[in-house]
Each structure stands twice: as C-alpha cells, then as structure tokens.
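This is what each chain is made of:
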2 protein chains.
Amino acid sequence: MSSIKDVAELAGVSVKTVSRILNGFEGVSERTRAKVQEAMDRLEYYPSAAAQSLRGKETGLVSLITDHLTTTPDAFEIVAGIQSVCEKRGKLLLIGETGGSQESFQKLVEDFRRQRAQAIIFATMYHRKVEIKQSFERCPLILLNCFDTDSRYPCIIPDDEQGGFDATEHLLAQGHKRIAFLTLFEHMPATSLRVRGHLRALEKHGIEVDPNLITEGVFDDSQDEFAGLEALLKELLKGPKAPTAILCGNDKMAMRVYMHAIQLGYRIPDELSIVGYDNYRMIAENLVPKLTTVSLPYFQMGELAAELAIDGPAEKEKGKRNKRKNNHTIKIGGDLIVRGSTGFQ
Amino acid sequence: MSSIKDVAELAGVSVKTVSRILNGFEGVSERTRAKVQEAMDRLEYYPSAAAQSLRGKETGLVSLITDHLTTTPDAFEIVAGIQSVCEKRGKLLLIGETGGSQESFQKLVEDFRRQRAQAIIFATMYHRKVEIKQSFERCPLILLNCFDTDSRYPCIIPDDEQGGFDATEHLLAQGHKRIAFLTLFEHMPATSLRVRGHLRALEKHGIEVDPNLITEGVFDDSQDEFAGLEALLKELLKGPKAPTAILCGNDKMAMRVYMHAIQLGYRIPDELSIVGYDNYRMIAENLVPKLTTVSLPYFQMGELAAELAIDGPAEKEKGKRNKRKNNHTIKIGGDLIVRGSTGFQ
C-alpha cells in the first residue's frame, strides 16, 4: 500500500504539502497540486478512512444484519431500499447475515461495532418477533420487518392488518360475498393481522363469516410448500357454498392457485377472482391476466430504516423525552394494486 | 464512544493491562480478565478495527460494486454466493451500487479503497462487456458476470453456450425436431452464445436449421417486456411447420409462454414442451407442470469471486507468470434441471 511519504517523494514535495492538500487547505499552487495528484494516481494512493475515523470523523458506514435476506429473494426490496438511501446520502452499506443463529448475530454486531458503523439495522425475512440480548445504548439499532418484546428499539413493520382489510374491501366492492382466504402459516404475525383486517372488512359490510373459508394454504413439506394446494382447492371450490374469490397469502401461492384453477376449467376473473399479496412483480406482472395484489412496502421500509440509521432519531429527541418513549413502532401500509385477476361478481 | 481508558478506569486496572488482554497476551489473572470484560460489556467497548488496520492488520472487508443488482432481484443469487463465502471466512461485505454510472463507479472505488477493502468485486446484472478506466495494480479487481475488453482482470462468467447446447440436446433426445428459440435481446452476449450452443446441438444431431424458429421474445416496451409475446406465439404455433417445443430466454418469459399457451388450448408438455433459463425457483417450481430450465450458476459464480477476492489469486502466482497471463476468464456451467414441462414427442 502506498503511503503519503511515497506520494511526497514521487511528487518532489514535502509530506506537509501533501497533507495540506489532502486536508483541503488553500495556499498551495495549482502546479504543485497537479504534481501531487499525478503522484497519487500513479501510486494508487487513497487516504485512509480508518485514519480519519480515528481522528473522530464519521466513518460513513451503515450496517445491515439480516437473518436470511441475502440468501432468499423474498424480501429483497428491503435491501434495495436501504442501499438506495445509503447511495443518495453518500454512505457505504456493510452487510452480514446470521443464517438465523444468535451467535452469528453477536459476532456481526461485534464486527460492525469494531468497524465503527454509525448504526445497525436488523432486518428479517418475514414480519416476526425477535429477541435482542446485546446492549445498544451507544449505537442505534433499528429493527426492520421485526419487533422486540420490550419495545426497546425503534421498529418498522408492514401494516398487515390494513392490507387484509383493503384486499377484502376491494372484493366486497365487486360484489363478492363468499371470499376464501388461503393464509400463510397461522403462527406468523402477518397471518393473524391480515385475518383480523379481513374480518373487520367483512363485519363493516355486514357479511357473515364462514370459518370454513379461512384456512392455511401452505404446507409442512420441505420439497414443496404448496404441496396440498390442489386438493384443497378442489375441495373448496365444489358445492353451492364455493367461494367466488380467493385471497392468497402471497403471490407465489396465487400463481399456484392460477395454475390449478385454470386446469380445473375456471376462467379468471370471470368465474373466479384471485388476489395475491407482496406485489412480487416478476410474478404479478407475468401472470395472464395480471395479478391484483397488495404490495408489501419493503422498499419504503428499507428507505426509512436507512434514514433513521443515518440521522439517528433517538439522538435528536434525547432532550425531549426519556429513551424508552423515543422508541416506537412505525407501520407502513402497502397499496392494493388492482390488475386483471379480480372482477365483478 | 468508550475508550480503552474508560475501560481501565471502570475495571480499576491500568490501560496497559487492558491492552495486554485485547492483544491476547497471557500472564493476566482470570479475576482481572473478568473485571475488564465486565467493564467492556457495561461500556459497550469494542476495539477499533480502524486502529488495527492502521497497524497493518487486515481489515476483513471485501467489497462489492454492482450496476443494478441490489435494485432488481434478477441476479440476486450472485450477492448470496458472495455473502455466503464472506460469512464462512469471517469477512464483512461492503456493498455499493452504481446505478450504471461510471462516475458512481469511480466514487465507490475511492470509498472502498479508503476503507482499505482487501479486494473489489464488480458484478453486473447480466452477462456483458464493461470498461474499466481506473488502475487496480495494488488492489485486486474481480469481474463477475462481466468481462473487460483487454482481459486485464480475472473474470467469472456463465457458460451460456453450453446452456443453449444442453437445453437443445435434451429436447432432441425427446424426439423434438422443430424447436423454437425465443431469445433475449440479440445484442446481449448471453443471446449469441446460447444461440451458438443451440445451433451446435442441432448440427450434431443432423437437424436442419429453420431461421424462422429463432427470434427475439422480448420487446422494447417499458411497461411490459413481453408485450408482443402473445401475437408472436399465435403466429409461431399455426400451420404445419409449428414447433413442438419452445426454448425461452428466461423463466419469466417461460411463465408468460405457459399462460398464453394454456389459454390457446395447448397442454404442457403433451402438445407443447417448454424450457426456461435461469432456474428462478420461485417461478420454475410454482408453475404447473413445474418448469424444465437451465440454471444460471450465479450462486457458484458469487462464491468463486469471493474466494478469489479473499485469497488474492494474482498475488499467489505473481512469481510464476507475468501479470497479464494471470488474469483469466473462468466459465461456470449451469445445470439443466428437468422438471415436468418437457416430454416425449
């Protein structure tokens, strides 16, 4: 690695002169500046960020710890949102993945803090509860797509209840009265929140709930999470009490429902309306007809987390309130994207 | 931020003792170690990586510059492969995205070099040529999913020609003689290489080429890249010279071909075999029947790039050969994944 001494020597000036230029002082001739720049280019000399950070300047590093985000594309937009803000604000993003292990989390926190990251964002693949054992009194921690039991840290989560409400209200407005809801796994916060929104919409519009229409659409099968979907649909769609519309737990599931429904002879949306969740565009825009779905606001969630990480909200408000009260839950609503898979009944 | 002095003070020992513990020296009693550890925990003290890096130790940082990778999920597995190796090798991954601008590339290179990253990986969203203006004599640069005109840097690319060959040979082995190839844009290296592999397989098996069967399946439409696909398929599938199998430029396109073909009344694979490209599992495994496709070895490519970045191949071989010869192109082949969308003719 080249040093400032090498630069000075090659340029034929003193170390002090090079240092003055690097630190932005004036009073150095253009000719000398040019000579020093040329020497830096030839030697590939880059001033050390580490040295600057030891002198107390900001490191410009924002760090992201994820559980499985970088190994699955499901919640990819979260990373994209964070990266987009880091780029705009001139910050570098450090990322690390725990693979779900608490030990790796601890190791990454140590590594990031040794790198003097300005803040740490912890993002999970799906909306869930997490347990944070470390202390983050001196380094802001922002929880993204997850929340801690004690509400000690600011957390940003999707407004799943509103999503379930909006999707259901859209179908009700189209005249559907029998709406099936094929949910993700019951134990997931997203599932219970969306079901709550769904029930609230039914109640608002005076539609009686048929519990047979609300059921898990995912299966405990390591090879194929939708293994039982075809049988489930055949059962669900027969008889006079068959639904005219189906809400799906995500767009992947909606895609499978399309395939089975078409093969069972249903025309979408004329005979069966289908709504997805996620607005996973690769799927939603390439199904025919295109899929009506609720967007998961992952990109915006990522953006907001990065902004909190960079601006350090807790610091700003420190004077006003006590720490515990500063830390709040921010719910971000998705949009209902109406495409061709839903129609009037 | 807490300092080593704060730790020493709280633990009631000398700065030298804390320093001895941090540097792994022996000859400090367990009781003293415990007191110091407790003080470090309470003060959230983490030794500075910057300080260590200034003392000449490795920073443990690997850096990744992408063009659009973090804002689109298409080549996501590249990031996952890099991250996976960094995790195993105890390195942290720094990422930055250029959005396609040369200026941002230059800025990121500067930032990463100021952070003393051990190596820089530059990865592109699709297989293409890039121009590198900076000098990387003193910091390894690895090109991933792209190549430079002068072959100055090691580059890792997918073996697209082999992919086109394998997919075609699979269909030929099933008795298909009229195979359509709906390609990605003609100007992309992946397209010409895969067509070359396709033609080589046809030639090997003595099948005459019908140029009408090879055509772009993507369209210059900012709203919908497959806007003209339905019309194209209707035209292609009519008449006695209609293909019995279709190779698609990627899995997204294959998904659209499924939807249109089913709606045109074709049964897959009985009346029409379909092959995708990418093994984008979210699509390939959720179509019914599941999609036969060629995997893009993005994960493996990412892994290899990270290994080269960490182990610095050029450094190792410096003595043996001259620099220019060290830098080579590594082609990684994907696998043909046979699922239900292809069948005997």
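Residues numbered from 1 in each chain as written. Chains lettered and ligands numbered in written order. Predicted model: local features only at pLDDT ≥ 70, side-chain atom pairs only at ≥ 80, totals over all residues. Heavy atoms only, no water.

Right, let's talk about the overall build of chain A for a bit. Of regular secondary structure, chain A possesses 14 helices and twelve strands. Relative to the globule expectation of 20 Å for 345 residues, the C-alpha radius of gyration of chain A, 27 Å, shows a markedly less compact shape. In terms of principal-axis extent, the alpha carbons of chain A reach across some 90 × 45 × 35 Å. The 345 residues of chain A split such that 56% are buried. Long-range pairs, those at least 24 residues apart, make up 69% of the contacts in chain A between residues at least 6 apart in sequence. By element, 48% of the accessible surface of chain A is carried by carbon and sulfur atoms, the whole surface being about 15,500 Å². (Helix = DSSP H or I, 4+ residues; strand = E, 2+ residues; numbered from the N terminus. Rg over C-alpha atoms; globule rule 2.2 N^0.38 Å. Buried < 20%, exposed > 50% of the residue type's maximum accessible area, 1.4 Å probe, protein only. Contact = heavy atoms within 4.5 Å. Areas by Shrake-Rupley, 256 points an atom, 1.4 Å probe, with all protein chains shown as cover.)

Below, the discussion takes up the sheet that holds strand E10 (residues 292-295) of chain B. For sheets, the rule is that strands pair by backbone hydrogen bonds, running either parallel or antiparallel. Residue and element names in this part refer to chain B. Read across the sheet, six strands follow the order E7-E6-E8-E9-E10-E12 without closing on themselves; strand pairing throughout is mixed. The sheet is open, and its two edges are formed by strand E7 (214-216) and strand E12 (336-337), each paired on a single side. Pairing analysis gives two bridges linking E10 to E12, with the strands arranged antiparallel. Residue pairing across strands places Thr-293 opposite Ile-337, the latter belonging to E12. Strands in contact with helix H8 (residues 189-204) are strand E6 (179-183), E7, strand E8 (245-248) and strand E9 (273-278); relative to E6, the strand with the most contacts, it is inclined by about 170°. Each of E6, E7 and E8 is contacted by helix H9 (residues 229-236), which is oriented at about 160° to E6, the strand it contacts most. (Pairing = 2+ DSSP bridges. Axes fitted to C-alpha atoms, helices over the stretch in contact; angles between N-to-C directions.)

Right, let's get into the interface of chain A and chain B. Contacts between the two partners involve 63 residues from chain A and, on the opposite side, 64 residues from chain B. For the pair chain A and chain B, the summed buried surface comes to about 6,100 Å²; carbon and sulfur atoms form 61% of the total. For the pair chain A and chain B, the number of links is four salt bridges. Its salt-bridge partner being Lys-290 of chain B, residue Asp-224 of chain A comes within 3.2 Å of it at the nearest N-O pair. Mapped by element, the contributors of at least two residues to the side of chain A that touches chain B are helix H4 (49-54), helix H5 (76-88), strand E2 (92-97), helix H6 (102-114), helix H10 (251-263) and helix H11 (281-284) of chain A. If one sorts the elements of the side of chain A that touches chain B by residue count, H10 of chain A sits on top with eight residues. A per-class count over the side of chain A that touches chain B returns 32 nonpolar, 15 polar and 16 charged. Alignment of E2 of chain A against strand E2 (residues 92-97) of chain B, held across three bridges, turns out to be antiparallel. (Buried area = accessible area lost by both parts, 1.4 Å probe. Salt bridge = Lys/Arg side-chain N within 4 Å of Asp/Glu carboxyl O. Nonpolar A, V, L, I, M, F, W, Y, C, P; charged D, E, K, R; others polar.)

Structurally, the position occupied by Glu-208 of chain A is in the loop between helix H8 (189-204) and strand E7 (214-216). Separated by 26 residues in the primary sequence, Glu-208 of chain A and Lys-234 of chain A have C-alpha atoms spaced 23 Å apart.

Pairing between side chains of opposite charge can happen when the charged atoms of each approach one another. Residues and elements named next belong to chain A. Enumeration according to the criterion identifies 41 salt bridges over all chains in this entry. Among the salt bridges present, the one from Arg-194 reaches Asp-160, with a minimum N-O distance of 2.9 Å. Of this pair, Arg-194 sits in helix H8 while Asp-160 sits in helix H7 (residues 160-173), and the two are 34 residues apart along the sequence. With respect to burial, Arg-194 and Asp-160 carry one shared label: buried. Put simply, Glu-230 and Lys-234 hold a salt bridge, and the shortest N to O gap is 3.9 Å. With Glu-230 and Lys-234 both in helix H9 (residues 229-236) and four residues apart, the pair spans about one turn of that helix. The partly exposed category is assigned to Lys-234, whose relative accessible area is 45%. A network of salt bridges, in which partner residues are shared, links Glu-161, Arg-196 and Arg-200.

All names here are of chain A. Note: strand E1 (residues 61-66) against strand E3 (residues 120-130), four bridges, orientation parallel. Bridged to Leu-64 within E3 is Ile-121. Note that E3 and strand E4 (residues 141-148) share seven bridges and pair parallel. Pairing of Arg-128 across the sheet is with Cys-146, part of E4.

Let us look at the environment of Pro-158 of chain A. All names here are of chain A. Mapping Pro-158 onto the fold places it in strand E5 (residues 155-158). What makes Pro-158 buried here is its relative accessible area of 4%. Residues Pro-158 and Pro-211 lie 53 residues apart in sequence; the distance between their C-alpha atoms is 25 Å. In contact with Pro-158, other than residues within four places in its own chain, are His-127, Asn-145, Leu-296, Pro-297, Met-301 and Ile-332.

Attention now goes to the packing of helix H1 (residues 4-11) of chain A against helix H2 (residues 15-22) of chain A. All names here are of chain A. For the pair H1 and H2, the least separation of the axes is 8 Å and the interaxial angle reads 110°. Here H1 lies roughly perpendicular to H2, going by the angle between them. You can see that H1 and H2 cross each other, and the crossing is right-handed. Contacts between H1 and H2 involve Ile-4, Lys-5, Val-7 and Ala-8 from the former and Val-15, Val-18, Ser-19 and Leu-22 from the latter. Taken together, the residues that form the contact of H1 with H2 break down as six nonpolar, one polar and one charged. (Parallel < 35°, antiparallel > 145°, perpendicular 65-115°, else oblique. Left-handed = near helix turned anticlockwise from the far one by under 90°.)

Bringing the nonpolar core into the picture now. Membership of the largest hydrophobic core comes to 82 residues, with the highest contact counts inside it found for Ile-82, Ile-121 and Leu-144 of chain A together with Ile-82, Ile-121 and Leu-144 of chain B. Here Ile-82 of chain B is in contact with Leu-64, Leu-93, Ile-121, Leu-144, Gly-302, Glu-303 and Ala-306 of chain B, once residues within four sequence places are set aside. Counting residues in hydrophobic clusters, the runner-up holds 62 residues, among them Val-218, Met-255 and Ile-274 of chain A together with Ile-283 of chain B. (Core = buried A, V, L, I, M, F, W, Y, C linked by side-chain atoms within 4.5 Å.)

Residue and element names in this part refer to chain A. Relative to the helices and strands, Ala-11 is located in helix H1. For Ala-11, a relative accessible area of 8% translates into the label buried. Remark: the alpha-carbon pair of Ala-11 and Ala-39, spanning 28 residues in sequence, is separated by 5.6 Å. In contact with Ala-11, other than residues within four places in its own chain, are Lys-35, Val-36 and Ala-39.

If you rotate chain A by 180° and push it 0.0 Å along the axis, it lands on chain B with an RMSD of 0.1 Å. Classification of the inter-copy transformation places it as that of a two-fold axis. By residue overlap, the copies meet face to face through one surface: 100% of the interface positions of chain A are interface positions in chain B. (Least-squares fit on C-alpha atoms with pLDDT ≥ 70 in both.)

This part is about the sheet that holds E2 of chain B. Ordered by their spatial adjacency, twelve strands build an open sheet running E11(A)-E5(A)-E4(A)-E3(A)-E1(A)-E2(A)-E2(B)-E1(B)-E3(B)-E4(B)-E5(B)-E11(B), and the pairing between neighbours is mixed. With partners counted over all chains shown, the strands left at the sheet margins are strand E11 (329-332) of chain A together with strand E11 (329-332) of chain B, one partner each. On average, each strand axis in the sheet is inclined to that of its neighbour by 25°, with strand direction left out of account. Bridge analysis of strand E5 (residues 155-158) of chain B against E11 of chain B gives four bridges, and the strand direction is parallel. By the bridge assignment, Pro-158 of chain B is partnered in E11 of chain B with Ile-332 of chain B.

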